[in-house]
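The lines below spell out each chain.
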Amino acid sequence: MGTVTRGTTNPNRLRRMDRWIAAVHGAELRRAADPVAVDLGYGAAPWTAVELLTRLRTAAPRARVVGVEIEPARVTAAKPYEREGLVFRHGGFEVPVPRRPHLIRAANVLRQYDEADVAAVWERLRARLAPADGHSRGGLLVEGTCDEIGRRHVWVALGPEGPRTVTFATRLGSLDRPSDLAERLPKALIHRNVRGEPVHAFLRDFDRAWASAAPYASYGARQRWIRSVRDLAADWPVTDGPTRWRQGEVTVDWRALAPRN
């Protein structure tokens, strides 16, 4: 279920997203008896699925990864890369795995869909996640977009209950201003970067905080970013702290950036 996309991929393209997942969702994966992660729409080459397994296992040694692609030829080409903990299957948004996964990563998949399609896809994928219980918040869907070499990412994290957060992540040396990340907003937000929408106001305020933090540039882009995010957090519900900010990240409560209507 779904549409074949261009399949563009490069090694290490999703490293920022993977490291965030391992840091933020690693404890949930460790608690699971059989943690399964799905790399949905891994593309023309299997690098992102191979790398996801390696990075997840730093946080959850029992994690397994299933690469899912809607184009059968891509699955055939990926089969030689299968190994313990890593398999490839043909499929799409139905997520053809026997157990509900604890993680679904869908990077650069919805970029080529219409905005009107996003809510239904999110709902279908969330319904496939491992459910919440007394010991767990349930599985995690991470859906977003990045550039071709992984310098700039924006993604939404969703649980079984709905969207939770939006994360902006970048290689700081590539950044002129935070609003440069607007071109990598996920499909649910990219057409909402206009006056009157929350995401537009957020990026406007982020640019202002960045400009105010210009004196910190003499200490490096990382210190300028940290100061900018600290100031931004006075008015926006930033959900992470300096440990993640130092990585060139900031995560904000979804409700603050959700589209109007």
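The preceding data block contains the structure.
The residue numbers shown here count from 1 along each chain, following its written sequence. Under the rules for a predicted model, residues below a pLDDT of 70 receive no local features and side-chain atom pairs below 80 are neither given nor counted, while totals for whole chains, interfaces and linings still include all residues. Computation of side-chain values covers all heavy atoms of the structure but excludes hydrogens and water.

A word on the overall build of the protein chain
Phase 1: Only DSSP runs of H or I reaching four residues or more are called helices, and only runs of E reaching two or more are called strands; each is numbered from the N terminus. Helices and strands together make up the secondary structure of the protein chain, namely 9 helices and 8 strands.
Phase 2: Against the globule reference of 18 Å for 261 residues, the protein chain gives a C-alpha radius of gyration of 18 Å, in line with a compact fold.
Phase 3: With respect to the principal axes defined by its C-alpha atoms, the protein chain has extents near 50 × 40 × 35 Å.
Phase 4: The classification of residues rests on relative accessible area computed with a 1.4 Å probe and restricted to protein chains. Under 20% of the type maximum is buried, over 50% is exposed, and intermediate values are partly exposed. Relative to its full complement of 261 residues, the protein chain shows a buried share of 56%.
Phase 5: By definition in these notes, contact holds between two residues if any of their heavy atoms fall within 4.5 Å. For the protein chain, the share of sequence-separated contacts (at least 6 apart) that also reach a separation of at least 24 residues comes to 66%.
Phase 6: Residue burial considers only the protein chains on display, and all accessible areas are found by Shrake-Rupley using a 1.4 Å probe. Split by element, the accessible area of the protein chain, about 11500 Å² in all, is 48% carbon and sulfur. In this setup the radius of gyration rests on C-alpha atoms only. A globule is expected at 2.2 Å times the number of residues raised to 0.38.

Considering the packing of helix α6 (residues 198–212) against helix α7 (residues 221–232)
Phase 1: Their axes nearest at 8 Å, the elements α6 and α7 cross at an angle of 125°. The pairing of α6 with α7 is recorded here as oblique in orientation. For the element pair α6 and α7, the recorded crossing hand is right-handed. Within the contact between the two elements, α6 uses F202, D205, F206, A209, W210 and A211 and α7 uses A221, R224, W225, S228, V229, D231 and L232. Orientation is described by lines fitted to C-alpha atoms, with helices fitted over the stretch in contact, and by angles between N-to-C directions that extend from 0 to 180 degrees. When describing relative orientation, an angle under 35 degrees is termed roughly parallel and one over 145 degrees roughly antiparallel, while 65 to 115 degrees is termed roughly perpendicular and anything else oblique. Crossing handedness: left-handed means the near helix sits turned counterclockwise from the far one by under a right angle, and right-handed means the same turn made clockwise.

Digging into the environment of G144
Phase 1: Tracing the chain through its elements places G144 in strand β5 (residues 140–146).
Phase 2: Taking relative accessible area as the criterion, G144 reaches 0% and is therefore assigned buried.
Phase 3: For the pair G144 and N108, spaced 36 residues apart in sequence, the C-alpha separation works out to 6.1 Å.
Phase 4: With residues up to four places along the chain from it excluded, the contact list for G144 reads A106, A107, N108, V154, W155 and P186.

Focus on the pattern of salt bridges
Pairing of side chains with opposite charge becomes possible as their charged atoms draw close.
Phase 1: Basic side-chain nitrogens of Lys or Arg form a salt bridge, by our definition, when they fall within 4 Å of a carboxyl oxygen of Asp or Glu. Scanning the entire structure with this criterion turns up 21 salt bridges.
Phase 2: One salt bridge in this structure joins E183 and R152, with 3.7 Å as the shortest N-O distance. Taken as a pair, E183 in the loop between β7 (162–170) and α5 (187–190) and R152 in strand β6 (residues 152–159) lie far apart in primary sequence, 31 residues in all.
Phase 3: When salt bridges that share partners are traced, they join D18, D39, E51, R55 and R105 into one network.

Some points on the packing of aromatic side chains
Each aromatic ring pair is specified by the distance between its two centres and by the angle formed by the two planes.
Phase 1: Two aromatic rings, drawn from Phe, Tyr or Trp (for Trp, its six-membered ring), form a pair once their centres lie within 6.5 Å of each other, and the interplanar angle then sorts them: stacked below 30 degrees, edge-to-face above 60, tilted otherwise. Counted according to the given criterion, the structure contains 10 aromatic pairs.
Phase 2: On the basis of an interplanar angle of 55° and a centroid distance of 5.6 Å, the ring pair of F93 and Y113 is categorised as tilted. Linking F93 in the loop between β3 (86–90) and β4 (103–107) with Y113 in the loop between β4 and α4 (118–128), this pair joins segments that are 20 residues apart in sequence.
Phase 3: We classify Y113 as buried; its relative accessible area is 13%.

What about the pairing of strand β2 (residues 64–69)?
Phase 1: The buried fraction of β2 amounts to 5 of the 6 residues, a majority that puts the element mostly inside the structure.
Phase 2: Two strands pair under a simple rule: DSSP has to find at least two bridges between them. The sheet contact formed by strand β1 (residues 36–40) and β2 spans 5 bridges and is parallel. Paired with V38 across the bridge in β2 is V66.
Phase 3: Crossovers are described as right-handed under a simple rule: with the strands pointing away from the observer, the path leading from the first strand over the helix to the second runs clockwise. Crossover handedness for the path β1 to helix α2 (residues 47–59) to β2: right-handed.
Phase 4: Since β2 and β3 lie parallel, the crossover through helix α3 (residues 72–78) that links them has a hand, and here it is right-handed.

Distances and angles like these do not, on their own, reveal function.
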